[in-house]
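Listed below, chain by chain, are the residues.
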Amino acid sequence: MDIEKEDIVFPFLFLLVFAFGLAFLLKYDSNLPGLLILWIGVTLLIIGYSYIYKRKNRDMNILKIRFLFVIPAYPVALYYFYLTNIIGYDLSKNESLLLNGFVLVWIILGTIVEYIYRRKKSKKI
């Protein structure tokens with residue numbers, strides 16, 4: 001399989017941004033700083049990742065798979081923000097962790113799909 005440095009660094013950076021955002025969501029009463037950390041951090045990682053992929057002329061299908069699994073996290077975060085700040089619904093810690101757990105499981109599924117795609121591609125060659 002064709003694994004380079006950015007394939008290892010960016011998932012760890014994403015998990016760090018996710019953990020940092022989750023820590024802010026759990027520590028402070030307002031969830032806006034945590035969501036801003038997640039939105040801005042993930043957006044910057046996606047932009048940086050796509051720039052490196054284009055610069056190195058790598059397989060863009062892998063990047064599309066990653067976008068497929070990262071982009072649904074944005075509507076979940078928007079729904080979370082809508083519930084807590086717009087209509088004033090008070091989420092319990094369990095509900096908050098359930099939404100964050102959904103995003104984390106989605107990221108793990110994306111990693112598994114990417115691994116399967118890479119294995120199939122390496123067997124064809």
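In what follows, the structure referred to is the one given above.
Novice: Which residues make up the packing of helix α1 (residues 5–27) against helix α5 (residues 93–124), and what values go with them?
Specialist: Interhelical geometry of α1 versus α5 gives an angle of 175° and a closest axis separation of 11 Å. Here α1 is positioned roughly antiparallel relative to α5, judged by the angle of their axes. Of α5, the residues touching α1 (which contributes Asp7, Phe14, Leu15, Phe18, Leu22, Leu25 and Leu26) are Lys93, Leu97, Asn100, Val103, Leu104, Ile107 and Arg118. Of the residues that constitute the contact of α1 with α5, the class distribution is 10 nonpolar, 1 polar and 3 charged.

Novice: An account of the packing of aromatic side chains is needed here, citing residue identities and associated values.
Specialist: Across all of its chains, the model carries 3 aromatic pairs by this definition. Here Tyr49 and Tyr53 contribute two aromatic rings whose centre-to-centre distance is 5.0 Å and whose plane-to-plane angle is 50°, an arrangement assigned as tilted. Placement of both Tyr49 and Tyr53 in helix α2 (residues 32–56) is noted, with a separation of 4 residues, approximately one turn of the helix. The same class applies to Tyr49 as to Tyr53, namely buried. Grouping aromatic residues by their ring pairs yields a cluster made of Phe10, Tyr49 and Tyr53.

Thresholds applied
Residues numbered from 1 in each chain as written. Predicted model: local features only at pLDDT ≥ 70, side-chain atom pairs only at ≥ 80, totals over all residues. Heavy atoms only, no water. Axes fitted to C-alpha atoms, helices over the stretch in contact; angles between N-to-C directions. Helix = DSSP H or I, 4+ residues; strand = E, 2+ residues; numbered from the N terminus. Parallel < 35°, antiparallel > 145°, perpendicular 65-115°, else oblique. Contact = heavy atoms within 4.5 Å. Nonpolar A, V, L, I, M, F, W, Y, C, P; charged D, E, K, R; others polar. Phe/Tyr/Trp six-rings, centres within 6.5 Å; stacked < 30°, edge-to-face > 60°. Buried < 20%, exposed > 50% of the residue type's maximum accessible area, 1.4 Å probe, protein only.

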